[in-house]
Structures are given as C-alpha cells and as structure tokens.
Amino acid sequence: MGVWVSFFAVIVLIVIPWVGAQGAGQYLFGIVIPYVAVLVFILGFVYRATKWAKTPVPFKIPTTGGQMKSLPWIKSNPLDNPSNNAGVIARMALEVLAFRSLFRNSKLELREGPKLDYASNKWLWIAALAFHYTFLVVFIRHFRLFMEPVPGFVGLLESVDGFMEVGLPRLMMSSLILLLAALYLFLRRVAVPQLRYISLAADYFPLFLIIGLVSSGILMRYFIRVDITSVKELIMGLVSFRPTVPEGIGVIFFIHLFLLSVLIAYFPFSKLMHAGGVFFSPTRNLPNDNRVKRHINPWNYPVKVHTYSEYEDDFREKMKEVGLPVEKE
Amino acid sequence: MAKVGSPEELARIDYSPPKKSWMDIPPEFREGRWCYGSKAKDHAVVGLPNPRAWSPADEDWKLPDNWKEIFLEGMRERLHKYRSFQLFMDICVRCGACADKCHFFIGSGDPKNMPVLRAELLRSIYRGEFTTAGKIMGKLAGGRKLTYDVFKELFYYFFQCTECRRCSLFCPYGIDTAEVTMIGRELLNLLGCNIDWITGPVANCYRTGNHLGIQPHAYHSMLEFFCEEIEEITGILPEPSFNRKGAEILFITPSGDVFADPGTFTAMGYIMLFHYLEGLGLDLTWSTYASEGGNFGFFTSHEMAKRLNAKMYAEAERLGVKFIIGGECGHMWRVCNQYMDTFWEPPKSLETPVSPITGTRFEHAKEHKMIHICEFTADLIKHGKLNLDPSRNDPYRVTFHDSCNTARGMGFFEEPRYVLENIVNHFHEMPESTIREQTFCCGSGSGLNTDEFMDMRMRGALPRANAVQYVHDRHDVNLLSCICAIDRATLTTLTEYWVPDVEVSGVHELLGNALILEGEKKRTMNLRGEEFPWVEEEEEEEVEEAAEEVADEEAAGKAEGEE
Amino acid sequence: MMTIVFQLARALVPDSFMSLEKILQDKKPTILQGWFEAILETYPTDTRRFLKNKKDRFKNPVAHEISQGMEGIFDQVISGGSPDEISPFLERVVKVRAVQDFTPSKALAFIFELKSLVRAALAANLKEPQIHEDLLSLERKIDELGLLSLDLYMKCREKIYELRVNEVKNRVGRLLERANMICGIPEREGDPEVCTTDNLT
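Everything numeric here is computed off the predicted structure, so don't read it as measured data.

(A) Fine view of the side chain of B:R464. All names here are of chain B. Assignment of secondary structure puts R464 in helix α20 (residues 454-475). Only 2.8 Å separates the side chain of R464 from the side chain of H401, close enough to count as a polar contact. A polar side-chain atom of R464 sits 3.0 Å from a polar atom in the side chain of T439. In this structure, R464 is in contact with H401, M430, T434, I435, T439, F440, C441, L491 and L494, ignoring residues within four places of it in sequence.

(B) Quick look at helix α10 (residues 177-190) of chain B. Residues and elements named next belong to chain B. If you check α10, its first and last C-alpha atoms are 20 Å apart, about what 14 residues at 1.5 Å a residue would give, namely 20 Å. Across the 14 residues of α10, 13 count as buried, placing the element largely inside the fold. One side-chain oxygen of the residue at the start of α10 lies 3.0 Å from the amide nitrogen of A178, identifying that residue as D176.

(C) Up close: the confidence of the model for chain C. All names here are of chain C. Overall, the prediction assigns chain C a mean pLDDT of 81, with 76% of residues at 70 or greater. Taken element by element, the predicted model of chain C shows its lowest mean pLDDT in helix α1 (residues 2-12) (57) and its highest in helix α6 (residues 83-98) (94). This stretch, residues 194-201, has a pLDDT under 50; its non-local contacts, to residues over four places away or in other chains, come to 21 contacts. Predicted as a complex, the structure gets a pTM of 0.89 and an ipTM equal to 0.91.

(D) Highlighting the interface of chain B and chain A. The interface is formed by 103 residues belonging to chain B together with 85 residues belonging to chain A. Across the interface of chain B and chain A, roughly 8200 Å² is buried in total on both sides, 58% from carbon and sulfur atoms. Three residues stand out in chain B for area buried against chain A, namely B:R83, B:R94 and B:H364, and they jointly supply 10% of the buried area on that side. The interface formed by chain B and chain A contains six salt bridges.

(E) Summary view of the packing of aromatic side chains. Applying the stated criterion to the full structure yields 60 aromatic pairs over all chains. Ring geometry for A:F59 and A:W299: centres 6.5 Å apart, planes at 85°, overall edge-to-face. Residue A:F59 is located in the loop between α2 (25-54) and α3 (85-98), and its partner A:W299 is located in the loop between α13 (274-277) and α14 (308-321); the two are separated by 240 residues in the primary sequence. Plain terms: the ring middles of B:F251 and B:Y270 are 4.9 Å apart, the flat faces sit at 70° to each other, and that makes the pair edge-to-face. Of this pair, B:F251 sits in strand β2 (residues 249-252) while B:Y270 sits in helix α14 (residues 263-278), and the two are 19 residues apart along the sequence. B:Y270 carries the same exposure label as B:F251, and that label is buried. The aromatic ring of A:W299 is capped on one face by B:K81, whose charged end is 4.3 Å from the ring centroid. The lysine or arginine in question, B:R166, covers the ring of B:F440, its NZ or CZ lying 3.9 Å from the ring centre.

(F) Structural detail: the confidence of the model for chain B. Chain-level statistics for chain B give a pLDDT mean of 91 and a share of 95% at 70 or above. This model gives residues 7-18 of chain B a pLDDT under 50, and the stretch forms 16 contacts once residues within four places in sequence are excluded.

(G) Structural view of a nonpolar patch on the surface. Residue and element names in this part refer to chain A. Together, W4, F7, F8, I11, V15, W18 and V19 make up an exposed nonpolar region whose accessible area comes to about 730 Å². Tracing the chain through its elements places V15 in helix α1 (residues 2-20). For V15, a relative accessible area of 36% gives the class partly exposed.

(H) Here's a closer look at the sheet that holds β2(B). Residue and element names in this part refer to chain B. Pairing is parallel across the open sheet formed by five strands, whose spatial order is β1-β3-β2-β4-β5. The open sheet terminates on both sides in strands that have one partner only, identified here as β1 (241-242) and β5 (370-372). Across four bridges, the pairing between β2 and strand β4 (residues 323-326) is parallel. Directly across from F251, in β4, lies its bridge partner I325.

Each value, and the rule that gives it
- Throughout this description, residue numbers start from 1 for each chain and increase along the sequence as written.
- Numbering of ligands from 1 and lettering of chains from A proceed in the order in which they are written.
- Predicted model: local features are reported for residues with pLDDT of at least 70 only, side-chain atom pairs are reported and counted for 80 or more only, and whole-chain, interface and lining totals are derived from all residues.
- Heavy atoms throughout the structure, all of them, feed into the side-chain values; hydrogens and water do not.
- Only runs of H or I of at least four residues qualify as helices and only runs of E of at least two qualify as strands under DSSP, and these elements are numbered from the N terminus.
- Think of a polar contact as two N or O atoms within 3.5 Å of one another; within protein, one of them needs to be a possible hydrogen donor and the other a possible acceptor, and neighboring residues in sequence only count if both atoms come from side chains.
- We call two residues in contact when some of their heavy atoms are within 4.5 Å.
- Here a helix's expected span is defined as the number of its residues, less one, multiplied by 1.5 Å.
- A 1.4 Å probe rolled over the protein chains alone gives each residue an accessible area, and that area as a share of the maximum for its type sets the label: buried under 20%, exposed over 50%, partly exposed in between.
- Values of pLDDT, the confidence the predictor places in each residue, fall between 0 and 100.
- In short, buried area is how much 1.4 Å probe accessible area vanishes from two parts on joining, totalled over both.
- For this analysis, a salt bridge means a side-chain nitrogen from Lys or Arg found within 4 Å of a carboxyl oxygen belonging to Asp or Glu.
- Two rings belonging to Phe, Tyr or Trp (six-membered ring only in the last case) form a pair when the distance between their centres is within 6.5 Å. Interplanar angles under 30 degrees mark stacking, angles over 60 mark edge-to-face geometry, and anything in between is tilted.
- Whether a charge sits over a ring depends on NZ of Lys or CZ of Arg being within 6 Å of the ring centre and within 35 degrees of the ring normal.
- A residue counts toward a patch only above 30% relative accessible area and without a salt bridge, and it is joined to like-charged neighbours within 9 Å or, for Val, Leu, Ile, Met, Phe, Trp and Tyr, to nonpolar neighbours within 5 Å.
- The method behind every accessible area is Shrake-Rupley, applied with a 1.4 Å probe, and residues are considered shielded solely by the protein chains displayed.
- Pairing between two strands requires that DSSP report at least two bridges joining them.

This is the structure:
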C-alpha cells in the first residue's frame, strides 16, 4: 500500500506545477515556494539537530568492533575501538564517507562449495555509495547555475563526469548512475520480501521524489530543452535576493524546481535526517575510554541501595558462626 | 458433482501464514517462547511497581487503569533523557542491513525478530503517539496507537532479544537494538511487567548480595568445599580470605561460578591461581556482600542496574582495598566497562591497579580501578610468573566463544586468547564470521537463560552451535571455552542439544589444570575429577614394570639357587 | 521391529530397485529443490527468501541443516538405507523443526511431501509395472520414515525437557551436595539416616 500511496503522491507533486506554473503562477513556483522550502529546511534541520544535541548522553556506549586499548603489548584496533578522539574522528570519517558498517556485510567469508563467494551482500554498500556520491556530484555541478563566475572545480568536475563524450550535450555519468542507484534501492525494497515487510510509505516516498527529480533534470537537459540563460537568471536572482522570473522558461523547469523544493522541505521531518543523525550516534561517536576517563551523566541521581550495615544486620549471627569478620559484635 | 481436487491438492495443507501487515498480527504466547511473569514478593523487595500474581499467558495482565498514560509518560521522559533513544527512534532508514544478523531471526525465521522490526515495534508507537505526521496519517506514516495487544507484543519481543548488539555493528548509523530493548524493558517495568527469571535474581542480589540468594555463611562454605576438592586433586589446601579489611585487592565474580557446574570449576581455577600467587605477594580477599559480579538489574532498568552495582565500589571502599579484580563474566563487564564509573564516582581510596607480582600498572583502568582477571593472568604469563604444564589439558581440543558483552561492549578479544595459547596445546578458532566482534550470542543472554524459554533458546543458539559443529567436525574440538558465567551455564545446554560431544568451560578452569602449584602431588585428574586418560596406561605400565622386576628378581633368585 | 520391516523390504526387492533408484538419482536435484521449497512453505512468507539462501552455513544454519539433512535422507531412502543409516540425517532436520514454531504435525509434514515429488518425477515411467511396484514399496518406506521421524521428534522434545530439568537441578546441585541436605535411604532397616545439615543451619 505504501508504495502506491507514495507513487501517486509524487505524481500529484508533478502535476501541481505542471498546471500551476503559468503566468503569475510562475512567481509562486519560481520564487515563493523555493524560498519557503529553503527556510523550512534550515529551520527544520536546525530544530532537529539541536533537539538531538540538547538531549543528554547519559552513558558512553560505543559499539566496539575490535580489540580495546589495554596492555601495551596487546595490539589494539584504534579504528573499530577508538580510545581517543582522533580514533573517533577516523571511525566517523570512515563511517560517513565510506559506509564502513555496511561494508562489513561483504567481508570475505568461508562458504559452502569450492569457490569463495562474497559478492551478494556488497550490492547494498555499492548502491548506497553510488547513490550518495553521485548525488553530491550532481549537486556540485549545479553550482554552475548559482555562482558567477563559475568556479573552476565545477568545470573540472563536468569534464570528468562527461568523459564518455556521448550525446549532445554530453551525457553526465553521475545523473545516470544516480538514477540507476535510486531505482536499485527501490527495486530492492519491492523484490526482497523481508524488506518489503519492513518498508513504509516514508521509505518509498523520498525514493520516488528523487527519481522524479533526477528524471525531470535529465529530461530538461537532453530532451525538453529550456533556455539555460533564463534559468540562470532566475536562480541568480534567488541567490542574490533580487528575485525575478524571466520570460519563456519551460514548465519542466518548474516541475524540477518544485520537486526539489518538496524534497528539501520534507528533509528535516523524515528519515532523510539520518544525514545529520549519524554524527550524533552514541555507539559510534564516542571513544571506548570509560576506564580511563570518567563519563558524567548530567541527570545522575541518588538511588536506594542495600548497604553493608543493613546486610550485616540481616546475617550477623550466621556470619559469626563461620568466622566471617563483622563490623559490629 | 462438485469438483474435487486431486489427491495431492487435498493432501496439501496450507501452512503459510496470512499475508497481513506486521502491525496487524498480535503475538501468540506459545509454550517455550516466553518467560514466566515476575512474582509479587520480588517486586516488594526492590520496590518494583504493580506487584501481583499474573502470567503473560493470561488474558488480563492486571495493569493499572492508567497504564497507557504511565507508559507514554515514561517514553516521553526517556526520549528527553537518552540521546540514543531519541536518535534511534528518528533515523532508521530501514535499509535491512541488520535484518539477518540476529540469532533469533536466523534460528526462527520470525520476521519480528529482525532487529529493525523489533525496534519498529516501539518506533511505530513513537510515530503514532509523539509525531505530528504519525498522529494524522497513522499507519501510512508508520505510526500506530498503543493498545493492549501492542503492549503484549512489546513484552513478547523485548524478552526475545538478548541485547547482544550484533545488529548494531552492521548498522550504518550504529543503531543499537540493545539500547531500544533496554528502554523498552524499562517501560514494561513501569507497569510491573518483567519476567520471574530477572526479578528473582534482582531481589536476591539486592538482599543477600547474589542472584541465588546464597547467604554469607553458605557462600563461605561453598568456597571451602572447593578448597577441599582442590586438596583432593593437588594435595594442597588453599585458604582464601573473606571480607578481610586491609587486603590490597577485592575479587568479585558472578555467583554462577560458585553454585552451578561447570562454572564451579572456573571458581576452583581462580582459587588455585590466588593461592599460587600468595607466595609471590598477592593480598586478595573475596566478599560475601559483593558476592555477585553479574547484574540482572541491567536487564530491568538503568536505575536497578545502578542499585545493584553499588556494592562493588562500596565494598572496595569499606575494606580499604586498592583495586578490584573482576572474574569471567559477560554482562558484568559491559556494566563495569561502560556504566559503573558513570553510575558512581570511584572511591578516593582506590588506586590505579598495579599487579603486585609483576609491577605492571594497568593504565587503561586508571580511572575505574578494576581489571579483568584475564588481563591480570595474561600479564602474569607474559612476565613468566606462572609455572604451567599445558599438557594436562591435552585431552581437550579447545575453541573459544567470545561473549557478546565483552566483545561488542568492551573489545576484549586478545587477553583470553593469550591465556589460552599458554595453557592448552590444541586450539582452533571457529569461522571468522562467528567470533570476535561478529560473535553469535549463546541465545540466552540478558536474563533469558531460564528453562521455560528453552525452545527459543535453542533456536537462538543454532547459529553458535552450527559454528561449534563445524570445528567439532573439522578439528575434533571437544571443549568450548568462554569468559562468561551465563555462557558457561547455557552453552552447556546448547551443546547438549546441538553438538552433544562438546563440553563447556571457563578459561580459568583450564588454567587451574595447567598451573603447577608448589609442592603439589602428582595430578591424576583434572578439576572436574575426571582421571587423565594416560593415568591408567601409566599405572598399567607401572604394574607391568613391577611385575617385570619381580620376574627378574625371581629369575635372579633362581639363577642364584641354581648356582 | 522397524528394522525388520526395512530389511524385509530390502530382501523382497533386490535388483529391480536399481532402475527406480537410477531414475530418481538422475532427478535428484529437481526433487531436492522441490522438497526444500516445500519445507520453506511452512515459514513466514517474508522470511522464506532469507531462508532459501544456502550459500553460507554460518549466516543461515537453518537452511544448511535442513538441506544437508534432506539430501542425506533422499540418498538413503532411494538406495535402501536402514533406519539406522537414515536417522542421523533425519535427525538434523527434525532437531531444527522441533524447536521452531510448529505443531508436531506441521513440523514433520515435510516427509510426506517427498511422495508427491517422487511421483511427479516418475510421471513418464509410471506405466512400467516394475517401476510401479517399486514406487509402492518406496512410498511405504516414506510412510515408515514418517513414523521414524515421530520417534526422533519425541526424542528431541524429551531432550528439551531433560535439559530443563537438568538446569533446574544444576542451579542448586552443588549447594545441596555441600549442605548434605539430600538424605540417603539407609541400606538396612533400622540404620540411622545419613544426612547432616551442619553447614546450612
């Protein structure tokens, strides 16, 4: 059910600007909504992140994935069991930049049969990496539209991205890979029964949204061309807070922009916040140094305990009988 | 005539479960899948709420009228107190990386035992009761309301999680189901819904100092009994001291080592080691007050964990020791490593642990003032302080099971292995994906090691058993060693069902076998009182030799006579 | 008793069994695949695909045990193995099923699935009288397998209860032993009972 609801929701989100971005409506879709979306994104993101940041971390509970630092002659594993902040930074970097924990899935293992087989679990890791990195590349490529002069690295990136030299304008590998990765992540959810079982509308919706966003972008670049100069004029206007809507921008651009607006406005209120959340995860972002450095629980409170003297009162005679020392005779 | 299916069609019964959303399938409390409910008397001892006679199999759990309110208020409070909980409720993307990492899922195939879904049980309530989207869109946004059935479901599945953290290792955001289960159990406890096997030990531990409620004189006499057994085996009678003020070191071990086989043999190993070291300057005492290393409070709530943990530092301070040595135990070390010195400020009277034998300063424990017995022993061996004869363990072909808690809550892998390397001659590791940080749970951790839960335990044990079977087939392994009291008790049951030819032991039992005490008699049996296989042969040889001698003498006598 | 029946069956159908065996041996992969899928049917829909993956015995011990056991059972059944020879393989499957969420009948129903799979595999040859006859005796054997599996299932369940009792006993065993609280019955009438409780008073 979640699949269909999400699918139709995205279809509706495409139809809205299609119908609405005419005449004066272009101001709404070209200026008002993007501004609102960015504002919602910033406020929402800050709200969520501060909410997490303000919630205390009562205990230092890293998940340890390797030997702790102990006696000097025992080889410790500073990456999977960091004993200091440098180790934590390295662990987090590997986690955030290389999805190390997902990679564990694909560790080479002994399998049934003569040949070693370790491919099957790698797909999620590869797809996740492809998805996130191509998204980043596509994002950076868009700098061309909202920076003047266009920074050098954007051109460089484009030449690398378009190295296949196919098509006119040149086909950007990143867009294609991003689309394929998103499709893979979607198909995986539908095809693997366990995953279908756990998937919610909130899992399909952002995927459809991104697939729609990327597809509209590809359409705009290769098939339904829009006047790129006008688009840049609009975007520069937005960026410099002197918004204008030039004449003659095709509706496909407004669809693209609207989907993007929805995505970023939706972002802080959805699972997409994992992007920010991962940095707060107490099982990853803390060193395993409890025995060296005391961790303070800000809300630690006194509790009722059974003291030794209460215990001795209960058992004094029996203790004396077997010669156990007692405090009070 | 009505159309009748073919015999095959008629014979085939459709066993496949109905296709429904998981939210709509209430749990079925079937024998062997759930633990008995907590008892009113135990609630009373430690002041747990809602003491009453009840069973999870009952229709009516006798919850207070405002149970929903209590539960949700408890949840709200914990969302504000634990970043882990708030975050883990928010950021899961349901990527499925954890799905097949849980031993209960692997062994049972019950989809709600996938870690992601176990957490979703609570997450769905979070969405349905605390987030705007969930409140409005309900199921569509993955939210649901807290109902009686949902509450029962939480009980069912949070007491089917051993808090082993294996899933957390594979999660790209480090979401730790153990953390969710711990909070989930706290919430259940607010309404007095715990299991007997947890509240019983909690109440006992609170009053008498240990899980079984062994009173001080009995604890003392149990250890005396072990000393007598040691005397029988070695000819030497160790004399451990108890509650002794002014000792340098306090030793605390799980009480399972004192009353249940095969943990008792590990306890004998400790006693022998300490006796051996006495001559070298060890000054150590046991305590009957802090006579429990384990902490079933940890399976109840953070607060209860703290209340039971209090005894360790308190007793160390009272006796005036310099530091604490902790025995072989899994969850005890998770608490001691990650919680103890946050619960309590270590008493000022304690010092950085320094081995009195080797002079090694345990800098990595300088704040919390407690070291693991395996660290202590590994250091002794490294410095050549122990006189060892590993060949006494030759009847054993050994493998090592990493306990979840010391593995993923501490990172304690090399020390026990180093000790083992030096005390046994035949050691074989299980496959890489089943040991160290990826170790499989015994299937009975976090207070689920009770007998009425046997079916679930055996399912959860299958992944571990399967790896044991592998080394048993391949290398003839016949002993599964470990450093956890719950493991010692439950792996014994596990192997008896799945791999009957494999026994279970602690590391220090094997050390006790290998350790050569000064002035000991010739050993003919191991700590279990089992005669070494070579003893009979030797005896036979001796008899033969003696017979030969007699024959020789006779022959000589004859010869003499003839002469 | 069962052993005798099996041996009898073996003696009655000496060489003719070969041809049936040959056919089934050739179709072994298909039959085993079908049989394994039939047993998967008994698990929740959403986890079937996970269980299906037999590649890694450490990641999926359930499928490993079941498929290895099934193959062994199949080989033994068609080659006329005795109950003693079949038992170890049957036990591997039953042991797993006995602790999972199944009623006894559900847990053991998989055995009878083999019949229809074998029949389907022999569809083309069913008209041959010899094959037909052999098939009947094979089916009888599968029925006996059903009974054997009942024995094994009970053995597993009894083991479970034995383990439960052992755990309860062991929990306090050492303590009782130490406390001499277990009173032995005297050898001869009139002798005093041997039991002391000196340490636990």
